[in-house]
Amino acid sequence: MTDTLNEALRLAALGWPVFPVLPRSKAPATKTGFKAATTDPGTINGWWKTGREFNLGVSLPEDVMILDLDGLASEDLAHDGMIIPQDCPV
C-alpha cells in the first residue's frame, strides 16, 4: 500500500471524503472530478488498485479552511501582521 493510499483511507475513516488527483497536478483523476469524493474504503482501494500513483484530494466542508504554508511563508505572514493561532488544528 502506498503512503498516499494509507492517508486517503485514514482521512476517509475520519469522515473526510477523498478523491484521487493526477500526479504533479491538482486535477482530479476521476471523470466526475471532486464530485467522486467518498469515504468508502472499497472505492478508494479500487482507485489505487489500478497501479497508478495519485496525489490526494479532499472534499472539505464549507466551514473548513486549509492554509498551506511552505518554507518561510509563515514568517512572512507574521511580518505582515497575520498571526496563526497555536491552537489551530493541523
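Residues numbered from 1 in each chain as written. Predicted model: local features only at pLDDT ≥ 70, side-chain atom pairs only at ≥ 80, totals over all residues. Heavy atoms only, no water.

Topic: the pattern of salt bridges
Where charged atoms from two side chains of opposite charge come close, those side chains can pair. To be explicit about the condition: One side-chain nitrogen of Lys or Arg within 4 Å of one carboxyl oxygen of Asp or Glu is enough to make a salt bridge. A run of H or I in DSSP becomes a helix once it reaches four residues, and a run of E becomes a strand once it reaches two; helices and strands are each numbered from the N terminus. Under the scheme applied here, a residue whose accessible area is under 20% of the maximum for its type counts as buried, over 50% as exposed, and between as partly exposed, the area being computed with a 1.4 Å probe on protein chains only.
The tally for this structure, following the rule as stated, stands at one salt bridge. Across the salt bridge formed by E7 and R10, the nearest N and O atoms sit 2.7 Å from each other. Placement of both E7 and R10 in helix α1 (residues 3–13) is noted, with a separation of three residues, approximately one turn of the helix. When its relative accessible area of 44% is taken as the criterion, R10 is described as partly exposed.

A short note on the packing of aromatic side chains
Under the convention used in this document: For Phe, Tyr and Trp, where Trp contributes only its six-membered ring, two rings pair if their centres lie within 6.5 Å, and the inter-plane angle classes them as stacked under 30 degrees, edge-to-face over 60, or tilted in between.
Applying the stated criterion to the full structure yields one aromatic pair. Considering the side-chain rings of W48 and F54, the 5.5 Å spacing of their centres and the 85° angle between planes classify their relative orientation as edge-to-face. Judged by relative accessible area, F54 falls into the buried class, the value being 6%.

A word on α1
As a reminder, the rule being used: The arc refers to the directions leading from the helix axis to the C-beta atoms. A contact between two residues is defined here by any heavy atoms of the two lying within 4.5 Å.
Every buried residue of α1 is accounted for by L5, A8, L11 and A12. Seen end-on, α1 carries its buried residues on one side only, within an arc spanning 130°. Facing away from the buried side of α1 by over 90 degrees, the exposed positions are D3 and A13. The inward-facing, buried residues of α1 contact β1 (18–21), α2 (41–49) and β2 (55–58). Looking at the residues trailing α1, positive phi occurs at G15, about 95°.

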